[in-house]
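Letter by letter, the chains look like this.
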Amino acid sequence: MPEKLLSARAAALDQENALASRRPPWHRRMDWLVIVGPVLTALAVGGYQLGGPSLWRDEAYTVSAAQRPVGQIFAMVGHVDAVHGPYYLCMHFVIGLLGTSEVALRLPSLLGMGIAAGFTAAIGRRLARLSELPAPSVTGLAAGLIFAAAPQTTYYAQDARPYGPVIMFATIATYLLIRAVADDRWRWWASYGAAIALTGLFNVFALLLVAAHGLTLLLARRQARRGRPAAGQSQEETQVHGPSLSRWLIMVAAAVVVLAPMIYLGYQQGHTLSWATRPGPRAIARLVASFAGAERLIPPMALLALGGAAAGWRSRRPGQLTLTGVTLPWLVVPPVILISVSQVHPAYVERYVVFCLPALAVLCAAGLAGLAR
C-alpha cells in the first residue's frame, strides 16, 4: 500500500507539472513579475537614502566587532555575543570588500529584505492556489508588495544588524517547507533543514519558527485524517497528502545538532540579556502597532488579516497545507512563546520576532482576495 500511495502522489505532481508546462508563455512571464515586482519595490523603498541616517549604537558595535581579524572574532564570541558571531564573520568580509560606509554596512540587510519580499510573494501565490483563492498570482503580488511597503521592512533594510538576513532565511525556510510537503522528496526536506539552520545561525530566537512549522504540519495531518475520499479514491489515497512528520523531525534535529555549539554558548552568555524586562500589555501593544505600521492602521490590518484567515482555511485536497494553516502559526506562535517565557526569564525584544512579519503580509493579501471573491 505505501508504494501505491507514493505513486498516487507522484502522478498528481506529474499532472500539475504537465498543466504548468502547457500554460501560455505570457502566463509564465507574469509568474516571474509576481516575484520580481516586490523584490524591486523592496530594494527601491529600502534603498532610498540608505546611507542617510548615521550609524546608531548597535550598528557601530557591528563595525567594531566585524573589523577584527577572524581569529579575534572567534575569541570574542567565546565570551560574549556568540549568537551574533556568524553575522559578524560575514560582515568582516563585507567590510573587507566594500568598506565601512553606511551604505556598505546596510547593503546585506537591504538585499535580504529584497529577497524576502520575493519569497513572500511566492509563498502567497502558492498558498492562495492551495486554498483555492481567486487569482493566486494577484494574491502573491499583493503579499510581496504589502511586505515591501511595511515600515518595519524599510527600517530593518536600513539596519546593519542581522535581522534582515534572518527574515530572509525564515521566509525561504517557510517556502521550502511548503514545497517539501507537496513533493516529499528528500532534496526539498534537506533544503528546508539547511534554511532552518541558517535562520537560527543568524538569530537563535528565530528557531521559534520551528514550533510554528510543527503546528502547521500537525494541523494538516489532522485535516488529512478527517478528509473524506473523493469519488474513486480510497481513504488511504486521500491521506497520502498528509505531510511527513518524520522527515521534518529529522531535518529539524539535524539543524539543531549543527547549531548546538552556538546554542550552548548563547545559553552560557544569557547574562548579556539582563537588561531585558518582563513584557507587559504595553510591549504587546507596541508589537501590534509596529507590525501594523502605526496605531491607526491596526483596525484595517486586523480586519484584512482576519478576513485572510477566514478565506484561506480551505485546501484543494485533504491534508494539504493551507494559507491559514501556514501563516497564522507563523505570525502568532513565536511571539506568544517568547512573551510567555519572558514572564519567567525575560528575553523578549521586539526585533527578535520581526521574522513573523511576512506572515501578516500574506494574510492581508488573502484578505483582499477574499473581499474580491
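Predicted, not measured: the structure shown is a model, and the values here were computed from it. Residue indices begin from 1 for each chain and proceed along its sequence in written order. Local features are withheld for residues below a pLDDT of 70 in this predicted model, meaning they are given only at 70 or higher, and side-chain atom pairs are given and counted only at 80 or more; totals for whole chains, interfaces and linings count all residues. Hydrogen atoms and water are omitted, and side-chain values are computed over all heavy atoms in the structure.

J.: Help me understand the overall build of the protein in this model?
T.: Each helix and strand counted, the protein has 17 helices and 0 strands in total. Summary of the burial criterion: residues with accessible area below 20% of their type's maximum are buried, those above 50% are exposed, and those between are partly exposed, where the area comes from a 1.4 Å probe applied to protein chains only. Counting all 373 residues of the protein, 50% fall into the buried class. Only heavy atoms enter the contact rule, under which two residues are in contact if any of them lie within 4.5 Å. Contacts in the protein between residues far apart in sequence, at least 24 positions, make up 79% of those at least 6 positions apart. Strands are runs of DSSP state E lasting at least two residues, helices are runs of H or I lasting at least four, and both sets are numbered from the N terminus onward.

J.: Which parts of the structure should I look at to understand unusual backbone geometry?
T.: Most peptide bonds take the trans form, and the phi angle of most residues other than glycine is negative. You will see that Gln-49, though not glycine, has its phi angle at about 55°, which is positive. Along the chain, Gln-49 falls in the loop between helix 2 (25-47) and helix 3 (57-66). A positive phi is found at Ala-135, a non-glycine position, where the angle reads about 50°. Inspection of the secondary structure assignment puts Ala-135 in the loop between helix 6 (102-130) and helix 7 (136-149). Residue class for Ala-135 comes out partly exposed when judged on its relative accessible area of 42%.

J.: Would you mind showing me how to read the environment of Ala-66 here?
T.: Tracing the backbone through its elements, the reader meets Ala-66 in helix 3. Between the alpha carbons of Ala-66 and Cys-90 there is a distance of 8.0 Å; along the sequence they are 24 residues apart. When neighbours within four sequence positions are excluded, Ala-66 is seen to be in contact with Ile-73, Tyr-88, Met-91, His-92 and Ile-95.

J.: Would you mind going over the pattern of salt bridges with me for this structure?
T.: Oppositely charged side chains are able to pair whenever their charged atoms sit close together. Here, a salt bridge means any side-chain nitrogen of Lys or Arg that lies within 4 Å of a carboxyl oxygen of Asp or Glu. Using the criterion set out here, one finds 4 salt bridges in the structure. Among the ionic pairs, Asp-58 bridges to Arg-351, the shortest N-O distance being 3.8 Å. Taken together, the residues span a long stretch of sequence, with Asp-58 in helix 3 and Arg-351 in the loop between helix 16 (323-341) and helix 17 (357-372) at a distance of 293 residues. Side by side, Asp-58 and Arg-351 carry an identical accessibility label, which is buried. Between Arg-106 and Glu-59 there is a salt bridge whose closest N-O contact spans 2.9 Å. One end of the pair, Arg-106, is in helix 6; the other, Glu-59, is in helix 3, with 47 residues separating them in the sequence. In this structure, Arg-106 and Glu-59 share a single accessibility class: buried.

J.: Whenever I open this one, the packing of helix 6 against helix 7 confuses me. Can you help?
T.: Two elements in contact, helix 6 and helix 7, have axes whose closest approach is 7 Å; the angle formed by their N-to-C orientations is 150°. The angle between helix 6 and helix 7 places the two elements in the roughly antiparallel class. The two elements helix 6 and helix 7 meet at a crossing, and its hand is right-handed. Facing Met-113, Ala-116, Ala-117, Thr-120, Ala-121, Gly-124, Arg-125, Ala-128 and Arg-129 of helix 6, the residues of helix 7 in contact are Pro-136, Ser-137, Thr-139, Gly-140, Ala-143, Gly-144, Phe-147 and Ala-148. Helix axes use the C-alpha atoms of the stretch in contact, all axes being lines fitted to C-alpha atoms, and the angles between their N-to-C directions lie in the range 0 to 180 degrees. Convention used here: angles under 35 degrees read as roughly parallel, angles over 145 as roughly antiparallel, angles from 65 to 115 as roughly perpendicular, and any remaining angle as oblique. Crossing chirality is assigned from the near helix's rotation relative to the far helix, an anticlockwise turn below a right angle marking it left-handed and a clockwise turn marking it right-handed.

J.: I would appreciate a short explanation of a nonpolar patch on the surface in the present structure.
T.: The patches reported here contain residues having more than 30% relative accessible area and no salt bridge. Joining distances are 9 Å for like charges and 5 Å for nonpolar side chains (Val, Leu, Ile, Met, Phe, Trp, Tyr). Reported accessibility uses the Shrake-Rupley method at a 1.4 Å probe radius. Residues are deemed covered only where the shown protein chains occlude them. On the surface, Trp-32, Val-36 and Leu-40 cluster together into a nonpolar patch covering about 340 Å² of accessible area. Trp-32 gets classed as exposed once you look at its relative accessible area, which sits at 62%.

J.: How should I be thinking about helix 16 in this particular structure?
T.: The α-helix winds at 3.6 residues per turn, so residues separated by three or four positions along the chain end up facing the same way. The span one expects for a helix is its residue count, reduced by one, times 1.5 Å. Compared with an ideal rise of 1.5 Å per residue, which puts 19 residues at 27 Å, helix 16 spans 28 Å between its outermost C-alpha atoms and is within 8% of the ideal. Pro-329 marks the point of greatest bend in helix 16, at about 30°. Think of it this way: the bend at a residue is just the angle between two axes, each fitted to seven residues, one set ending at that residue and the other starting at it.

J.: Would you mind going over the environment of Arg-106 with me for this structure?
T.: Given a relative accessible area of 1%, Arg-106 falls into the buried group. As a C-alpha pair, Arg-106 and Gly-47 span 59 residues in sequence and 9.2 Å in three-dimensional space. Sequence-distant contacts of Arg-106, that is, excluding residues within four places in its chain, are made with Leu-50, Gly-51, Gly-52, Pro-53, Ser-54, Leu-55, Glu-59, Ala-157, Gln-158, Asp-159 and Ala-160.

J.: Mind showing me how you'd approach the packing of helix 3 against helix 5 (residues 85-98) here?
T.: The angle between the axes and the distance between the axes are what describe a pair of packed helices. It is at 8 Å that the axes of helix 3 and helix 5 come closest, and there the two elements cross at 80°. By the criterion of interaxial angle, the relationship of helix 3 to helix 5 is roughly perpendicular. Each of Tyr-61, Thr-62, Val-63, Ala-65 and Ala-66 in helix 3 lies in contact with helix 5, whose residues at this interface are Tyr-87, Tyr-88, Met-91, His-92 and Ile-95. Only Asp, Glu, Lys and Arg are considered charged in this grouping, and only Ala, Val, Leu, Ile, Met, Phe, Trp, Tyr, Cys and Pro are considered nonpolar; every other residue, Gly among them, is considered polar. Residues that form the contact of helix 3 with helix 5 fall into these classes: 8 nonpolar, 2 polar and no charged.

J.: Could you clarify how one ought to interpret the side chain of Ser-244 in this entry?
T.: Structurally, Ser-244 is set in the loop between helix 12 (235-238) and helix 13 (245-268). Counting of polar contacts relies on pairs of N or O atoms within 3.5 Å, with two restrictions inside protein: one atom must be capable of donating a hydrogen and the other of accepting it, and residues adjacent in sequence are counted only when both atoms are side-chain atoms. Within polar-contact distance, the side chain of Ser-244 engages the backbone nitrogen of Arg-247 at 3.3 Å. Residues contacting Ser-244, with those up to four places away along its chain left out, are Asp-184 and Trp-189.

J.: Honestly, the confidence of the model for the protein in this entry has me stumped. Any pointers?
T.: Segments scoring low in pLDDT should not have their predicted coordinates read at a detailed level. pLDDT is a per-residue confidence score from the predictor, ranging from 0 to 100. Averaged over the protein, the pLDDT score is 88; the fraction of residues at 70 or greater is 87%. For the protein, helix 12 is the element with the lowest average pLDDT, namely 44, and helix 16 is the one with the highest, namely 97. In this model, residues 228-241 is a region of pLDDT below 50 whose contacts with residues beyond four sequence positions or in other chains number 27 contacts.

J.: Whenever I open this one, the environment of Ala-65 confuses me. Can you help?
T.: Structurally, Ala-65 is set in helix 3. Taking the C-alpha atoms as reference points, Ala-65 and Val-77, 12 residues apart in sequence, are found 9.6 Å from one another. Not counting residues within four places of it along the chain, the set of residues in contact with Ala-65 comprises Ile-73, Met-76 and Tyr-88.

J.: Looking at this structure, how should I read the packing of aromatic side chains?
T.: For any pair of aromatic rings, the description consists of the separation of the ring centres together with the inter-plane angle of the planes. Pairing of aromatic rings covers Phe, Tyr and the six-membered ring of Trp, with a centre-to-centre limit of 6.5 Å; geometry is then stacked below 30 degrees between planes, edge-to-face above 60, and tilted otherwise. The tally for this structure, following the rule as stated, stands at 8 aromatic pairs. A ring pair is formed by Phe-169 and Phe-202, whose centres lie 5.5 Å apart and whose planes are at 35°; its orientation type is tilted. Of this pair, Phe-169 sits in helix 9 (residues 163-183) while Phe-202 sits in helix 10 (residues 186-202), placing them 33 residues apart in sequence. According to the relative accessible area criterion, Phe-169 is buried, its value standing at 15%. Each member of the aromatic cluster is reached from another via a ring pair, and the members are Tyr-61, Tyr-87 and Tyr-88.

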